[in-house]
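# A structural walkthrough
Next come the chains, spelled out residue by residue.
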Amino acid sequence: MAAPVMLGELAEPILPVTDRASARAFVDDHIVPYANAWEQAACVPEHTLELMGEAGLWAPFLPVDEGGAGMDMVTLGAVHEEVGRGCSSVRSLLTVHTMLSWTLQRWGTPEQRDRWAKDLATGRVLGAFCLTEPGAGSDAAGIATTATRTADGWVLNGVKKWITGGQRADLYLVFARVGSSIGAFLVPRESPGVHVTPITEILGTRASMLAEVRFDHVLAGPDALLGPSGFTAGMVLSGTLDLGRYSVAAGSVGIIQACLEACGAYATAREIGGTRLGGLQLIRAKLSDMVTDVRAARLLLSEAGRLKDAGDAATIMATWVAKYFASTAAARHASEAVQIHGANGFGGDYPVARLYRDAKVMEVIEGSNEIQRITIADEAFREALRQ
Amino acid sequence: MSQNVEEQVLDFVRGRFPQERFDADQDIFQLGFVNSLFALELVMFIEKTFAITIRGEELQIDNFRTATAMAALVARHQQAPAASGA
Ligand SMILES: Cc1cc2nc3c(=O)[nH]c(=O)nc-3n(C[C@H](O)[C@H](O)[C@H](O)COP(=O)(O)OP(=O)(O)OC[C@H]3O[C@@H](n4cnc5c(N)ncnc54)[C@H](O)[C@@H]3O)c2cc1C
C-alpha cells in the first residue's frame, strides 16, 4: 500500500487568477499575511513574484497567443484592486510591469512582441517605467534624458529617479528626448552603461524596490524604439500613463476596501469603557463614509474600464476622474483608519499604518492630484462651452 | 462616405476644442494647442468610429493634420481591409 500523502508537506497548487474572486483568494493566501513584513524588509520576495507568475497575474490582458489570457480591462481593474487591497508595493510593481507590457502590445512591432511578450506574461522578465528625473516629474516635456540615433540604433544618456521596481526589473521602458519629441525605448537592465542605485528611504510603498537608474552612453538596437518617432511619439507616453493611472486608481480602491475591512474588524472587537467601538456614532459615521466612497470609486473605475474595452477615447478623462476620486478618498480614509485604531493604528500589528503611508503615494504618482484637477477642470470648461 | 468621415472627425475635434472654429482643410496641429494627449484621443476615436487599426508608419503627423487627411486614411483602410493592423 502506498504511503499516505502528507498534505501539509505539499505545496498548494496555484490557481490561475481569472476574475475578482480568484484574485481575492490569491491575495488573501499569498499577500495579505506578509505585507507588513515586506514593508519592514523593503522588498517583495522573489518567491512571491514567482507565485504571481504561476497565477498568471503579470500581464493577463495580453492575447492568448502571446502568453496572456486576453483579460478585459474591467476585470483587470478588479484584479489590480484586489492586489492593492493586499499590498500597495506589490500593486505598484504590477502597475509598472503592466504599463510596459501594455505599451508593447499597443505599439510594438510583431518582432518586438515576439521577443518580449511571452516573458512579460509569465513574469520571467519584469518591467519598469522610467519617466521621472531629478529635474522633471509633472512636467514630462522637461525631461533631459536623450536618445540619439546612430548608424546602429540609439544611444541613451540621462538619469531617471523614483523608478518603482527599478532595483529588480529586467527591462526598462525609458522615455527620452528625440529631437523635439519624446520617444519610448525598451532597454534591458543588463545593457552596459545602465547603473542602478536603490532608493531606500521612502515614506510609502516601501517594498516596491525603488531605484535611481542612470543611462550612461547606453547602446540600444534599432528595435529599441517602441511606437512611432516624430510628433506622434508623444501618444505612446499618454497611453502608457493612462494605463498606469487606471491601475493606481484600482489600487486606491483596494486601499479604501482594506481600510474598511480593518476598521470593521477592529471596531467590532475593541471595547471602550464597556462599549463596543463600533457602537459609537462618530466611529460608525467614519465607516459609513468608507462604504460609500469605496462603492463610488469602484464604479468610476469600472466605467473607465468599460470605456477602455470599448476603445472609446472618453476613457482617458474617465480614468483621470476615477484616479483623482479614488486616491483622495484613499488618503482620507487611511487617515481615519489610523484614527479609529488609536495607538494600535501606529504600530505594526495592524495594516492601517502601512495603508496610511501607502495612500499618500497615490496622490502623487501617475499624475499628481494637482495635475488631475487641472485636467479635469479643462473638461469642465469644455462641457460648458459645448452647451 | 469620406464626406461623412470628415464631418464625424470635425465633430470630434470641435467637441474637444469648442472655443475654436475648424474646417476640413485646416491644419489642426498648427493651431498650437493640440498636445499628445489629444493626438491619442484622436487616434482612438478614428479606430473605434471607423473600426480600423492604425499602426506603425501610418502614425505620421501628415495623416492627422486635417479632417481631409484623416478621411483619406480611413478610406485607404476601408478599401484595403487586409492592410489594417499593418
Ligand atoms: C513612491 C513613488 C513611486 C514612483 N514611481 C515612479 C516610476 O515607477 N516611474 C516614474 O517615472 N516615476 C515614478 N515616480 C515619480 C512620480 O511620477 C512623480 O513624483 C510625479 O510625477 C510628480 O513629479 P515630481 O515628484 O517631480 O513633482 P513636481 O512635478 O516637482 O511637483 C511638485 C508639486 O507641485 C505640484 N504641481 C506641479 N505642477 C503644477 C501645476 N501646474 N499647478 C499646481 N501644482 C503643480 C505637484 O502636484 C506636486 O504637488 C514615483 C514617485 C513616488 C513617490
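By convention here, each chain's residues receive numbers from 1 onward along its written sequence. Following the order in which they are written, the chains are lettered starting with A and the ligands numbered starting with 1. In view of the model being predicted, local features appear only for residues whose pLDDT reaches at least 70, and side-chain atom pairs are presented and counted only at 80 or more, with totals across whole chains, interfaces and linings using the full set of residues. The side-chain values count all of the structure's non-hydrogen atoms but skip hydrogen atoms and water molecules.

Residues and elements named next belong to chain A. Close contacts around the ligand come from 19 residues, with Thr132, Ser138, Trp162, Ser368 and Glu370 the closest. Any pair of N or O atoms that falls within 3.5 Å is considered a polar contact. Within protein, one atom must be able to donate a hydrogen and the other to accept it, and sequence-neighbouring residues count only if both atoms are side-chain atoms. With respect to the ligand, the backbone of Phe129 contributes an N or O atom lying 2.8 Å from a nitrogen atom. Here Gly137 contributes a backbone N or O atom positioned 3.4 Å from an oxygen atom of the ligand. Under the convention used here, a 1.4 Å probe and the Shrake-Rupley method define accessible areas, while residue burial counts only the protein chains that appear. Compared with its free state, where it exposes 980 Å², the ligand has 63% of that area covered by protein. For the shell around the ligand, the elements supplying multiple residues, two or more each, are strand S1 (127-130), strand S3 (153-163) and helix H11 (369-386). In this text, helices come from DSSP runs of H or I with a minimum length of four residues, and strands from runs of E with a minimum of two, each type numbered from the N-terminal end. With three residues, the single largest contributor to the shell around the ligand is H11. Any residue outside Ala, Val, Leu, Ile, Met, Phe, Trp, Tyr, Cys, Pro, Asp, Glu, Lys and Arg is labelled polar, Gly included; the first ten of those are nonpolar and the last four are charged. Residues belonging to the shell around the ligand are distributed by class as follows: twelve nonpolar, six polar and one charged. What makes a residue near a molecule or strand is one non-hydrogen atom of that residue sitting within 4 Å of it.

Time to look at the domain arrangement of chain A. The parts lose accessible area when they come together, and the size of an interface is often stated as this lost area. Residue and element names in this part refer to chain A. Start and end positions for the domains come from either an automated domain assignment or a database one. For chain A, the domain assignment lists domain 1 (20-125), domain 2 (128-224) and domain 3 (236-386). Averaged C-alpha coordinates put domain 1 and domain 2 at centres separated by 21 Å. Each partner contributes residues to the interface: domain 1 has 20 residues there, and domain 2 has 18 residues. Together domain 1 and domain 2 conceal approximately 1,700 Å² of surface at their shared face, both sides included; 72% is due to carbon and sulfur atoms. What gets called buried area is simply the loss in accessible area from a 1.4 Å probe that two parts show on being joined, summed for both. When the area that domain 1 buries against domain 2 is broken down by residue, the three leading residues are Val96, Leu100 and Trp116, summing to 27%. Any Lys or Arg side-chain nitrogen located within 4 Å of an Asp or Glu carboxyl oxygen qualifies as a salt bridge. The interface formed by domain 1 and domain 2 includes one salt bridge. Whether two residues are in contact is decided by their heavy atoms, any of which lying within 4.5 Å being enough.

All right, on to the pairing of strand S5 (residues 181-188) of chain A then. All names here are of chain A. Here's how the labels work: a residue is buried when its accessible area is under 20% of the maximum for its type, exposed when over 50%, partly exposed in between, all with a 1.4 Å probe on protein chains only. With seven of eight residues buried, S5 is to be regarded as a mostly interior element. Of the pairings in the sheet, the one linking strand S4 (residues 171-178) to S5 comprises eight bridges and is antiparallel in character. If you follow Leu171 over to S5, its bridge partner there is Pro188. Taking the residues that link successive antiparallel strands as the turn, the S4-S5 hairpin has two residues, and the phi of Gly179 there is positive, at about 60°. What makes two strands pair is DSSP finding at least two bridges between them. Sheet topology note: the S5/strand S8 (residues 225-226) ladder contains two bridges and is antiparallel. Bridge pairing in S8 links Ala184 to Leu226.

Let's shift gears to the interface of chain B and chain A. Counting from both sides, the interface comprises 23 residues of chain B and, opposite them, 21 residues of chain A. Taking both partners together, chain B and chain A bury about 2,000 Å²; carbon and sulfur atoms supply 69% of that area. Looking only at chain B, the three residues that lose the most surface to chain A are B:Leu40, B:Met44 and B:Leu59, adding up to 28% of its buried area. Where chain B packs against chain A, one counts one salt bridge. Where B:Glu47 meets A:Arg106, a salt bridge forms, and the shortest distance between an N and an O atom there is 3.2 Å. Linking chain B with chain A are three residue pairs in polar contact (both at pLDDT 80 or more), by the criterion used here. Sorting the residues of the side of chain B that touches chain A by element identifies helix H1 (2-16) and helix H2 (36-50) of chain B as the ones contributing at least two each.

Take the buried Ala, Val, Leu, Ile, Met, Phe, Trp, Tyr and Cys residues and link them wherever side-chain atoms come within 4.5 Å; each set so joined is a nonpolar core. Residues A:Phe26, A:Phe129, A:Phe175, B:Ile28, B:Leu42, B:Ile46 and B:Phe64 are the most contacted members of the largest nonpolar core, which totals 100 residues. With ten residues, the top contributor of residues to this core is H2(B). Beyond its immediate stretch of four places on either side in the chain, A:Phe129 contacts A:Val96, A:Met99, A:Ile163, A:Leu173, A:Phe175, A:Leu237, A:Thr240, A:Leu241 and A:Glu366. Counting 30 residues, the second-largest nonpolar core is a separate cluster that includes A:Cys259, A:Ile283, A:Leu287 and A:Met290.

To continue, consider the UniProt feature "domain: Acyl-CoA oxidase/dehydrogenase middle" (unreviewed entry) in chain A. UniProt positions are given in the numbering used here, feature names are shortened, and annotations may be inferred rather than shown by experiment. Mapped onto this structure's residue numbering, the UniProt feature "domain: Acyl-CoA oxidase/dehydrogenase middle" (unreviewed entry) falls at residues 128-218 of chain A. In this annotation, residues 128-218 of chain A is assigned 0% helix and 53% strand; the end-to-end C-alpha distance for the span is 17 Å.

When the UniProt feature table is mapped onto this chain numbering, "domain: Acyl-CoA dehydrogenase/oxidase C-terminal" (unreviewed entry) sits at residues 237-379 of chain A. The span residues 237-379 of chain A shows a helical share of 78% and a strand share of 3%, and its end C-alpha atoms are spaced 20 Å apart.

What follows concerns unusual backbone geometry. Trans is the common state for peptide bonds, and a negative phi is the common state for residues other than glycine. With a phi close to 40°, A:Thr205 is a non-glycine residue in the positive phi region. You can see A:Thr205 is positioned in the loop between strand S6 (194-198) and strand S7 (211-220). What makes A:Thr205 buried here is its relative accessible area of 5%. The phi angle at B:Ala51 is positive, at roughly 50°, despite the residue not being glycine. Structurally, B:Ala51 is set in the loop between H2 and helix H3 (67-79). The exposure class of B:Ala51 is exposed, given its relative accessible area of 69%.

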